[in-house]
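Given next are the chains, with one letter for each unit.
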Amino acid sequence: MEYFEDRERAESFGEVARDYDAYRPKYPAPLITEIMQAARTTAESRTGDPRILDVGSGTGILASQLRDAGAEILAVEPDTAMAQVARSKGLEVEISTFEEWEAHGRMFDLISFGQSFHWVDPIAALPRIRTLLEPAGKLALAWNDIEPKGEFRDRLDAISARFHAEGTTASLGAAPNPRTAADPSTPADPGTAETAGNFEAVEHPALTQLRASGFTPHESVFVEDLWYSRHNWLSMLFTYSAQLTMDPVKRAVMREELSAEIPDDGLEARNEALLILAGV
C-alpha cells in the first residue's frame, strides 16, 4: 500500500498536534535560503514578495520559516487541529486536502511540501501543481531525516524492529546510502525499523515521479548535528504515524524500552535534510 492510500496513518497527526509542533525539528537555515532563492527568481519580474503555496502544511513549521524569510504564504492542511496550531502563528491556512482544494485562479511562484509529499498521489498531484505555478515557477519537496549517531542507532533500531515486524522500508529523507533501500512513498520515521537492513543505494522515488511528469529535479542535502534529551527524542519519535497508529499498550511498552537505552544526558543525532527543487 502506498502511504497516501493509508488514510489511518495520514490522518493520525491531529491528536498530537501540539507535540508535533513542539518536538518536530525546523528545517536547516541553508535549506530555507535555497527555497527562497528559487522563489525570488520566479517573482523578480513583478513587485511584491514571492508567493508560496505550502501543501500539507501541518502545524506550519516550514511555512513559518518561509514567511519569516520574506515569502507571502498560503498554507493548505486537511487536519483541523494541525491547522489551528499553524493559524496561531499568524499563518493563513485553508483546511482541505490538496486534491479537493480550490485554487480560484490563484497562482504561485513556488509550491512547497514539507514532510508531506508522500501523503499525496503523485500521479494526480504533479499535473495539478504544473497548473498552479507561474511561468518558471518551482516545486520544493523537503524532508528532515534525523537518525541517532553511533552505537545508539543500531540499538534503538533493534528495539523498534521488534515492534514494527510487519515490514521495513528505507529511510528516504536524505540522499541514498548503502543502508537504505527503495520504497515508493516516504522517508522513514526516525528511530524505527524503517532504517534497518542491508540494501543497495537507490535514487529517491520522488525524482523518478517528477521526471515522469515533465519536471526537471535537482536534489541537495543539508547536514546538521543535533543533540536531544531523552524526553525530546522520544517525544519527537512518537509524533510519527508508525507509532501513532500502534496499539496503545504496545506503543507504551516500546517507549519504555527505548527510554531505557537512552542515557540520562541524551543522545547525539544527525539530520541529513533533503531538498528537491524541480522546475517545469
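Computed from a predicted model, the values in this text were never measured in an experiment. (Residues numbered from 1 in each chain as written. Predicted model: local features only at pLDDT ≥ 70, side-chain atom pairs only at ≥ 80, totals over all residues. Heavy atoms only, no water.)

**Focus on the nonpolar core**
Nonpolar side chains in soluble globular proteins generally cluster together in the buried interior.
Stage number 1. Formed by 36 residues in total, the largest nonpolar core has its most connected members in Leu31, Ile35, Ile52, Leu66, Leu110 and Leu275.
Stage number 2. At the level of elements, helix H2 (17-23), helix H3 (29-43), helix H4 (61-68), strand E2 (72-77), helix H5 (80-88), strand E5 (133-143) and strand E8 (267-279) are the ones that each hand at least two residues to this core.
Stage number 3. If you tally residues by element for this core, the top one is H3, at six residues.
Stage number 4. The residues touching Leu110, leaving out its near neighbours within four places in the chain, are Ile35, Ala38, Ala39, Arg51, Ile52, Leu53, Leu133, Lys138, Ala140 and Leu277.
Stage number 5. Counting residues in hydrophobic clusters, the runner-up holds 27 residues, among them Phe98, Leu126, Ala206 and Leu210. (Core = buried A, V, L, I, M, F, W, Y, C linked by side-chain atoms within 4.5 Å. Buried < 20%, exposed > 50% of the residue type's maximum accessible area, 1.4 Å probe, protein only. Helix = DSSP H or I, 4+ residues; strand = E, 2+ residues; numbered from the N terminus. Contact = heavy atoms within 4.5 Å.)

**Details of the packing of aromatic side chains**
Stage number 1. Under the counting rule described, the total for this entry stands at seven aromatic pairs.
Stage number 2. Look at Phe13 and Tyr20: their rings are 5.8 Å apart centre to centre, the planes differ by 80°, and that puts the pair in the edge-to-face class.
Stage number 3. Relative to Phe108, the ring of Trp101 has its centre 6.3 Å away and its plane inclined at 45°; by these criteria the two rings are tilted.
Stage number 4. Three or more aromatic residues joined by ring pairs make a cluster, and in this case those are Tyr3, Phe13, Tyr20 and Trp119.
Stage number 5. The ring of Tyr240 has Arg24 sitting right over it, with the charged end atom 3.5 Å from the ring centre. (Phe/Tyr/Trp six-rings, centres within 6.5 Å; stacked < 30°, edge-to-face > 60°. Lys NZ or Arg CZ within 6 Å of the ring centre and 35° of its normal.)

**A look at the pattern of salt bridges**
Stage number 1. Tallied over the entire structure, the rule returns 13 salt bridges.
Stage number 2. We note a salt bridge from Glu257 to Arg162, for which the minimum N-O separation is 2.2 Å. In this pair, Glu257 sits in helix H11 (residues 248-261) while Arg162 sits in helix H7 (residues 151-163), placing the two residues 95 residues apart along the sequence. (Salt bridge = Lys/Arg side-chain N within 4 Å of Asp/Glu carboxyl O.)

**Re the pairing of E2**
Stage number 1. Among the six residues of E2, five are classified as buried, and the element is accordingly described as predominantly covered.
Stage number 2. Relative to E2, strand E1 (residues 51-55) runs parallel, the two being bridged by five bridges. Considered in E2, the bridge of Arg51 is made with Glu72.
Stage number 3. Each parallel crossover has a hand, and the one from E1 via H4 to E2 is right-handed.
Stage number 4. One ladder, built from three bridges, connects E2 with strand E3 (residues 93-95); its direction is parallel. Its bridge partner lying in E3, Ala75 is registered against Val93. (Pairing = 2+ DSSP bridges. Right-handed = clockwise from strand over helix to strand, strands pointing away.)

**Considerations on the environment of Asp109**
Stage number 1. On the secondary structure map, Asp109 appears in strand E4 (residues 108-114).
Stage number 2. It is 8.7 Å that separates the C-alpha atoms of Asp109 and Leu132, two residues lying 23 residues apart in sequence.
Stage number 3. When sequence neighbours within four positions are dropped, the list of residues in contact with Asp109 reads Ala39, Thr42, Ala43, Arg46, Asp49, Pro50, Arg51, Leu133, Glu134, Gly137 and Lys138.
Stage number 4. One polar contact links the side chain of Asp109 to the main-chain amide nitrogen of Arg51, over a distance of 2.7 Å. (Polar contact = N/O pair within 3.5 Å; in protein donor to acceptor, adjacent residues only side chain to side chain.)

**Comments concerning the side chain of Ser64**
Stage number 1. The topology assignment puts Ser64 in helix H4.
Stage number 2. Residue Ser64 is classed as buried on the basis of its relative accessible area, which comes to 9%.
Stage number 3. Here the side chain of Ser64 touches Ile61 through a polar contact of 3.1 Å, landing on its backbone oxygen.
Stage number 4. When neighbours within four sequence positions are excluded, Ser64 is seen to be in contact with Lys89 and Leu91.

**Some words on the pairing of E8**
Stage number 1. Burial analysis of E8 places 10 of its 13 residues in the buried class, which makes it a mostly covered element.
Stage number 2. Relative to E8, E5 runs antiparallel, the two sharing six bridges. In the sheet register, Leu141 faces E8, and the bridge partner there is Ile276.
Stage number 3. Both strand E6 (residues 146-148) and E8 contribute to a ladder of three bridges, which runs antiparallel. For Pro148, the partnering residue across the bridge sits in E8 and is Ala269.
Stage number 4. Examined bridge by bridge, strand E7 (residues 216-228) and E8 share 13 bridges and lie antiparallel to one another. Bridge pairing in E8 links Val221 to Leu274.

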